[in-house]
Amino acid sequence: MSTVALGDDLGIETSTELKTRLAPLVDQGGDLMLDASQVGRIHTASVQVLCAFVEARRQAGHPTAFDGCTATFRDAARLLGVTQALGLDATHDNLKSVENAA
């Protein structure tokens, strides 16, 4: 199993770099773990990149999972309604860590 660290900043200005970094891994066989244990900031654009990446790998028959998701990461996924698309459970209920949660 391969692991890719997502880093601490997944703001809008990093979404293109995230897409570029993940693109070669779409067709990589075997399980892939995305380490979200350092994510302290995340923007909708990066969530969209991650959703498209996970779906493309799913369609290619390659499993993708997340490990060590921070509260910020989980809250953003839940707020945007993509926990199922990303394969995350939706049991976390703290929105305080999400920028502009209201």
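Our subject is the structure listed above.
Because the structure is a prediction, the values reported are computed rather than measured. (Residues numbered from 1 in each chain as written. Predicted model: local features only at pLDDT ≥ 70, side-chain atom pairs only at ≥ 80, totals over all residues. Heavy atoms only, no water.)

Visitor: Tell me about helix H3 (residues 71-79), and please be specific about residues and values.
Guide: Listed in full, the buried residues belonging to H3 are Thr72, Phe73, Asp75, Ala76 and Ala77. Positive phi appears at Gly81, one or two residues downstream of H3, with a value of about 75°. (Buried < 20%, exposed > 50% of the residue type's maximum accessible area, 1.4 Å probe, protein only. Helix = DSSP H or I, 4+ residues; strand = E, 2+ residues; numbered from the N terminus.)

Visitor: Break down the packing of helix H1 (residues 15-22) against helix H2 (residues 44-59) for me, with residues and values.
Guide: Running from N to C, H1 and H2 cross one another at 15°; their axes reach a closest spacing of 9 Å. When the interaxial angle is binned, H1 and H2 end up roughly parallel. Viewed along their axes, H1 and H2 form a crossing whose handedness is right-handed. Contacts from Ser15, Leu18, Lys19 and Leu22 of H1 reach H2 at Ala45, Ser46, Val49, Leu50 and Phe53. Classifying every residue of the contact of H1 with H2 by side-chain character gives 6 nonpolar, 2 polar and 1 charged. (Axes fitted to C-alpha atoms, helices over the stretch in contact; angles between N-to-C directions. Parallel < 35°, antiparallel > 145°, perpendicular 65-115°, else oblique. Left-handed = near helix turned anticlockwise from the far one by under 90°. Contact = heavy atoms within 4.5 Å. Nonpolar A, V, L, I, M, F, W, Y, C, P; charged D, E, K, R; others polar.)

Visitor: I'd like to hear about the pairing of strand S3 (residues 32-35), residue by residue, with values.
Guide: In regular strands, side chains alternate between the two faces of the sheet. Sheet topology places strand S1 (residues 2-5) next to S3; 4 bridges connect them, and they run parallel. Of the residues in S3, the one forming a bridge with Ser2 is Leu32. Two elements, S3 and strand S5 (residues 64-67), share 4 bridges in a ladder whose sense is parallel. Bridge pairing in S5 links Leu32 to Thr64. (Pairing = 2+ DSSP bridges.)

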